[in-house]
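Residue-level listing of the chains:
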Amino acid sequence: MSLRGSCCPPNLMSMTLVRNQAEVQQTLDTGEMMDRVITSDRVNHGAVIALAAVSLILLRKWIAGGVCKSRAGLDGKTVVITGGNNGIGKETAREMARRGARVVMACRDLTSAENAADSIRRSTGNGNVVVRHLNLASLYSVRQFAKELIATEERLDILINNAGVMMCPKWTTEDGFETQFAVNHLGHFLLTNLLLGMLKRSSPSRVVNVSSIAHVGGKIEFDDLFFDKNPYSPLASYKQSKLANILFSRELARRMKGTGVSSYSLHPGVIRTGLGRHIESWYPMMKTVMTLPSMLLMKTPWQGAQTSIYCAVTEGLERKSGCYFSDCADKDPAPEGKDDAVARRLWEESARLVELNDQC
């Protein structure tokens with residue numbers, strides 16, 4: 001039997017071989033293309049991740065704002081700061097101590113204040129950091145603090161009115177005042193006036209008032225400062241108190257002209273501190289929603305303290321007395337923060353409320 005009939009013709013074998021080679025080459029080409037696509041995807045993903053990382057770094061740098069570049073020392077100077085036991089107040093107090101000042105931390109919570117003072121002493125090597133009790137919600141406490149300070153301290157170079165409350169429920173102080181206006185404005189107004197004699201004797205000296213961008217849209221409701229007639233709004237009350245800080249600082253600068261005492265107000269930025277704890281009681285979902293954004297979009301306490309430090313120590317700032325600052329630079333406040341007539345009226349009304357007899 002012949003086997004020839006079972007063999008492929010030579011031309012058919014050649015065609016089959018060529019086809020197989022083409023299929024192999026096509027497979028190889030397809031593989032190379034897939035490798036290129038995969039490699040390209042990896043490169044694109046890497047580029048996107050790199051761009052996102054750079055963007056986040058730049059965003060965080062922008063949010064951090066300015067940094068105080070002054071190297072001014074404070075040896076032989078005395079600084080009083082209210083609410084220096086946490087947040088930006090603690091970081092401001094730490095920087096004052098690092099620069100060599102005697103720091104008096106005026107705080108309501110003495111246990112927390114002592115812990116903060118001990119931390120500041122250890123981190124700066126400055127043991128001249130003391131704690132005094134001050135409850136800004138009590139005019140009696142403010143007067144007692146000022147009396148003790150005047151009796152025990154030789155000088156006062158810098159007063160930093162830092163303490164405050166934010167959007168708390170409608171609480172009434174022992175003096176019958178709504179808490180936010182009492183703590184954020186009236187307490188500091190009285191304290192500053194009681195210490196003006198020391199500030200003048202120690203001149204050149206400074207008063208630094210921590211306000212907020214929340215003053216925008218605020219209004220001093222002279223006919224209803226404590227929300228006795230209208231429904232209480234924690235936000236409207238907070239905005240009123242922060243506007244009062246700016247107007248007080250502005251009027252103080254006008255009244256202190258020629259005395260060597262200068263005055264500044266400032267917005268520290270949006271900061272990750274416990275100050276906004278009451279917001280969560282009004283808006284329970286806010287804590288959950290804002291946890292991640294707050295880590296990315298808010299300043300740290302150290303960053304938030306920079307403008308307070310800037311206003312306290314920067315050389316040659318006296319010519320800017322009465323101005324408003326943000327991110328270590330003077331900025332225009334909202335129009336309502338530049339109303340001198342309202343500022344004068346607020347001063348007179350505040351003096352009446354706190355029973356300030358001797359006005360500058």
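What comes next concerns the included structure. (Residues numbered from 1 in each chain as written. Predicted model: local features only at pLDDT ≥ 70, side-chain atom pairs only at ≥ 80, totals over all residues. Heavy atoms only, no water.)

1. Focus: the overall build of the protein chain
Working step 1: When its secondary structure is counted, the protein chain shows 12 helices and eight strands.
Working step 2: Within the span of the protein chain, comprising 360 residues, buried residues form 47% of the whole.
Working step 3: For the protein chain, restricting intrachain contacts to residue pairs at least 6 apart in sequence, the fraction spanning at least 24 positions comes to 79%.
Working step 4: Carbon together with sulfur atoms contributes 57% to the accessible area of the protein chain, which is approximately 18,800 Å² in total. (Helix = DSSP H or I, 4+ residues; strand = E, 2+ residues; numbered from the N terminus. Buried < 20%, exposed > 50% of the residue type's maximum accessible area, 1.4 Å probe, protein only. Contact = heavy atoms within 4.5 Å. Areas by Shrake-Rupley, 256 points an atom, 1.4 Å probe, with all protein chains shown as cover.)

2. Remarks on helix 2 (residues 87-98)
Working step 1: Over its 12 residues, helix 2 extends 17 Å from the first C-alpha to the last, a length consistent with the 16 Å expected when each residue adds 1.5 Å.
Working step 2: For helix 2, the tally of buried residues reaches nine of 12 residues, placing the bulk of the element in the interior.
Working step 3: Buried within helix 2 we find Ile 88, Gly 89, Glu 91, Thr 92, Ala 93, Arg 94, Glu 95, Met 96 and Ala 97.
Working step 4: The positive-phi residue at the C-terminal boundary of helix 2 is Gly 100, with phi of around 100°. (Expected span 1.5 Å × (residues − 1).)

3. Regarding the sheet that holds strand 8 (residues 329-331)
Working step 1: Ordered by their spatial adjacency, eight strands build an open sheet running 3-2-1-4-5-6-7-8, and the pairing between neighbours is mixed. The open sheet has two edge strands, strand 3 (129-133) and strand 8, and neither has a second partner. Geometrically, the sheet is characterised by an average inter-axis angle of 25° between neighbouring strands, direction not taken into account.
Working step 2: With five bridges connecting them, strand 1 (residues 78-82) and strand 2 (residues 102-107) associate as parallel partners. Within strand 2, the residue paired with Thr 78 across the bridge is Arg 102.
Working step 3: Its contacts with the sheet place helix 2 against strand 1, strand 2, strand 3, strand 4 (158-161) and strand 5 (205-210), and it is angled at close to 175° to strand 1. (Pairing = 2+ DSSP bridges. Axes fitted to C-alpha atoms, helices over the stretch in contact; angles between N-to-C directions.)

4. A short note on the environment of Ser 203
Working step 1: As for its position among the elements, Ser 203 is in the loop between helix 6 (196-201) and strand 5.
Working step 2: In contact with Ser 203, other than residues within four places in its own chain, are Thr 259 and Gly 260.
Working step 3: Looking at Ser 203, its side chain comes within polar contact range of the main-chain oxygen of Lys 200, at 3.0 Å. (Polar contact = N/O pair within 3.5 Å; in protein donor to acceptor, adjacent residues only side chain to side chain.)

5. Here's the deal with the packing of helix 4 (residues 139-152) against helix 5 (residues 179-194)
Helix packing geometry: the angle between the two helix axes and the distance between the axes.
Working step 1: The geometry of helix 4 relative to helix 5 is characterised by a closest axis approach of 10 Å and an angle of 25° between their N-to-C directions. When the interaxial angle is binned, helix 4 and helix 5 end up roughly parallel. Viewed along their axes, helix 4 and helix 5 form a crossing whose handedness is right-handed. Residues Leu 139, Val 142, Arg 143, Phe 145, Ala 146 and Ile 150 of helix 4 form the contact with helix 5, whose participating residues are Gly 187, Leu 190, Leu 191 and Leu 194.
Working step 2: Looking at the contact of helix 4 with helix 5 residue by residue, the classes come out as eight nonpolar, one polar and one charged. (Parallel < 35°, antiparallel > 145°, perpendicular 65-115°, else oblique. Left-handed = near helix turned anticlockwise from the far one by under 90°. Nonpolar A, V, L, I, M, F, W, Y, C, P; charged D, E, K, R; others polar.)

6. Overview of the pattern of salt bridges
Working step 1: Across all of its chains, the model carries 18 salt bridges by this definition.
Working step 2: Of the charged contacts, one joins Arg 132 and Glu 153 as a salt bridge, the two residues approaching to 3.3 Å between their closest N and O atoms. In this pair, Arg 132 sits in strand 3 while Glu 153 sits in the loop between helix 4 and strand 4, placing the two residues 21 residues apart along the sequence. Both residues of the pair, Arg 132 and Glu 153, count as buried.
Working step 3: A salt bridge links Lys 320 to Asp 330; the shortest N-O distance between them is 3.3 Å. Here Lys 320, found in the loop between helix 11 (306-313) and strand 7 (324-326), pairs with Asp 330, found in strand 8; they are 10 residues apart in sequence, far enough to count as distant. (Salt bridge = Lys/Arg side-chain N within 4 Å of Asp/Glu carboxyl O.)

7. Some points on the side chain of Gln 180
Working step 1: If you trace the backbone, Gln 180 turns up in helix 5.
Working step 2: Side-chain polar atoms of Gln 180 contact the side chain of Tyr 232, separated by 2.9 Å.
Working step 3: Contact partners of Gln 180, with chain neighbours within four places excluded, come to Val 165, Met 166, Met 167, Cys 168, His 185, Tyr 232, Pro 234, Ser 237, Tyr 238 and Ser 241.

8. As for the nonpolar core
Working step 1: If you look at the biggest cluster of nonpolar residues, it comprises 49 residues, and the most contacted ones within it are Phe 145, Leu 149, Leu 156, Leu 195 and Ile 220.
Working step 2: When residues of this core are traced back to their parent elements, those giving at least two are strand 2, helix 4, helix 5, helix 6, helix 7 (234-255) and helix 12 (340-353).
Working step 3: Residue contributions to this core peak at seven residues, all from helix 5.
Working step 4: Non-local contacts of Ile 220, meaning those with residues more than four positions away in its chain, are made with Leu 225, Gln 240, Leu 243, Ala 244, Leu 247, Val 342 and Leu 346.
Working step 5: In this structure, Ala 93, Ala 101, Ile 309 and Leu 317 belong to the second largest nonpolar core, which totals 34 residues. (Core = buried A, V, L, I, M, F, W, Y, C linked by side-chain atoms within 4.5 Å.)

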